[in-house]
Amino acid sequence: MPSASHPSADSAPVDSSAATTPPIDAVIPHRPTEDVLGVLTGTFLASLGLYLLQTAGAVTGGTAGLALLLTHALSTPFSVLFALVNLPFFALALWKKGGVFTVKTVICVGLISVFSLIHPRFLPLEQVPLLYAVIGGNLLVGVGLLIIFRHGASLGGFNILALILQERAGLRAGYVQMAMDVAVILLSLLVLDMPRVLLSALGGVVLNVVLALNHRPGRYRA
């Protein structure tokens, strides 16, 4: 009696999508167009947050905070100060992070400077409530930084140090940034009143908690 035929392995149906669908844990790099749009979006949001802080007379951490702090003592525009303060850190980025990262970071710093000139023309603000500016501004900067980080760049300065320490020592970039930002905000006591400094410190915590909760090694693969 002939035995029942069974389909062989060779005759099993082949899922054509398996050959084109990457494994679930595969790293899918961003396309160049995605990097361009991501960098533009991130720098726009971050610069808008900095604009709110500057209009309210508050400060934040990082080299952006240093540049904002210097605007209280100098007549030089923020856009120029931000670029100048970041210059020494570009060499560190080139040494530790490579040419692509450094070029992207230089572009991001340049875009922040350009956007800082554009915002007052299209969104003139004479006065912004301090608490709103501190919370809203730092949230915008934090989200903008997250986008910039995800596309392999930074806003220079302390961002570079924080990212290097996260990669080399396993320290959370947000917490490292927070520690350095506190030092900048404490320096603002030289030119700002205590209530404004305390609110600025609260804003710095908000910004870095956003980074610490969302920018962690292994959380995102693209």
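Definitions and limits used
- Residues numbered from 1 in each chain as written.
- Predicted model: local features only at pLDDT ≥ 70, side-chain atom pairs only at ≥ 80, totals over all residues.
- Heavy atoms only, no water.
- Helix = DSSP H or I, 4+ residues; strand = E, 2+ residues; numbered from the N terminus.
- Buried < 20%, exposed > 50% of the residue type's maximum accessible area, 1.4 Å probe, protein only.
- Contact = heavy atoms within 4.5 Å.
- Areas by Shrake-Rupley, 256 points an atom, 1.4 Å probe, with all protein chains shown as cover.
- Phe/Tyr/Trp six-rings, centres within 6.5 Å; stacked < 30°, edge-to-face > 60°.
- Axes fitted to C-alpha atoms, helices over the stretch in contact; angles between N-to-C directions.
- Parallel < 35°, antiparallel > 145°, perpendicular 65-115°, else oblique.
- Left-handed = near helix turned anticlockwise from the far one by under 90°.
- Nonpolar A, V, L, I, M, F, W, Y, C, P; charged D, E, K, R; others polar.
- Core = buried A, V, L, I, M, F, W, Y, C linked by side-chain atoms within 4.5 Å.
- Patch = residues over 30% accessible without salt bridge, like charges linked within 9 Å, V, L, I, M, F, W, Y side chains within 5 Å.
- Salt bridge = Lys/Arg side-chain N within 4 Å of Asp/Glu carboxyl O.

> Would you take a moment to explain the overall build of the protein chain for this structure?
Across its full length, the protein chain holds 8 helices and 0 strands. For the protein chain, the succession of helices and strands along the chain, N to C, is α-α-α-α-α-α-α-α. For the protein chain, buried positions account for 43% of its 222 residues. Long-range contacts, defined here as pairs at least 24 residues apart, represent 75% of the contacts in the protein chain between residues at least 6 apart. Looking at the protein chain as shown, the accessible area adds up to about 12100 Å², and 69% of this sits on carbon and sulfur atoms.

> I'm lost on the packing of aromatic side chains in this one. Help?
Aromatic ring pairs: the centre-centre distance and the angle between the two ring planes describe each pair. Applying the stated criterion to the full structure yields 2 aromatic pairs. Aromatic pair Phe44 and Phe115: ring centres 5.5 Å apart, planes at 90°, arrangement edge-to-face. One end of the pair, Phe44, is in helix α1 (residues 32-56); the other, Phe115, is in helix α4 (residues 99-122), and 71 residues separate them in sequence. Residue Phe115 is classed as buried on the basis of its relative accessible area of 14%. Ring geometry for Phe78 and Phe82: centres 5.5 Å apart, planes at 15°, overall stacked. Of this pair, Phe78 and Phe82 both sit in helix α3 (residues 78-97), 4 residues apart, which is roughly one turn of the helix. Phe82 shares its class with Phe78; the two are buried.

> Got a minute to help me understand the packing of α1 against helix α2 (residues 62-71) in this structure?
How two helices sit against one another is set out by the angle between their axes and by the gap between those axes. At their nearest, the axes of α1 and α2 sit 11 Å apart, and the two run at 30° to each other. Considering their axes alone, α1 and α2 lie roughly parallel with respect to each other. Every pair of crossing elements has a handedness; the one defined by α1 and α2 is right-handed. Across the interface between the two elements, Leu50, Leu53 and Gln54 of α1 pack against Ala64, Leu68 and Thr71 of α2. Residues that form the contact of α1 with α2 fall into these classes: 4 nonpolar, 2 polar and no charged.

> Where do I start with the nonpolar core in this structure?
Most often, soluble globular proteins have nonpolar side chains that are buried together. Counting residues in each nonpolar core, the largest one holds 51 residues, and the members touching the most others are Leu50, Phe78, Phe82, Ile112, Leu145, Leu155 and Ile160. For this core, the elements supplying multiple residues, two or more each, are α1, α2, α3, α4, α5 (130-150), α6 (158-169), α7 (173-187) and α8 (194-214). Here this core gets 8 residues from one element, more than from any other, and that element is α5.

> I tried to follow a nonpolar patch on the surface on my own but got confused; where do I start?
A grouping of Val182, Leu186, Leu189, Met194 and Leu198 is seen on the molecular surface, where their side chains present a nonpolar patch of about 460 Å² in accessible area. Of all the elements in the fold, those that place two or more residues in the nonpolar patch are α7 and α8. In this structure, Leu198 sits in helix α8.

> I'm lost on the packing of α1 against α4 in this one. Help?
Axis separation between α1 and α4 bottoms out at 8 Å; the angle between their running directions is 50°. When the axes of α1 and α4 are compared, the pair comes out oblique. Note that α1 runs across α4; the crossing there is right-handed. Note on element contacts: α4 touches α1 through Lys104, Cys108, Leu111, Ile112, Phe115, His119 and Pro120, opposite Asp35, Val39, Leu40, Thr43, Phe44, Ala46, Ser47, Leu48, Leu50 and Tyr51. Its residues assigned to classes, the contact of α1 with α4 comprises 12 nonpolar, 3 polar and 2 charged.

> Looking at this structure, I do not really get the pattern of salt bridges. What am I missing?
A side chain of one charge can pair with a side chain of the opposite charge when the charged atoms of the two come close. On inspection of all chains with the given rule, the structure shows 2 salt bridges. Across the pair Lys104 and Asp35 runs a salt bridge, and its minimum N-O distance is 3.4 Å. With Lys104 in helix α4 and Asp35 in helix α1, this pair connects stretches of sequence that are 69 residues apart. Given a relative accessible area of 16%, Asp35 falls into the buried group.

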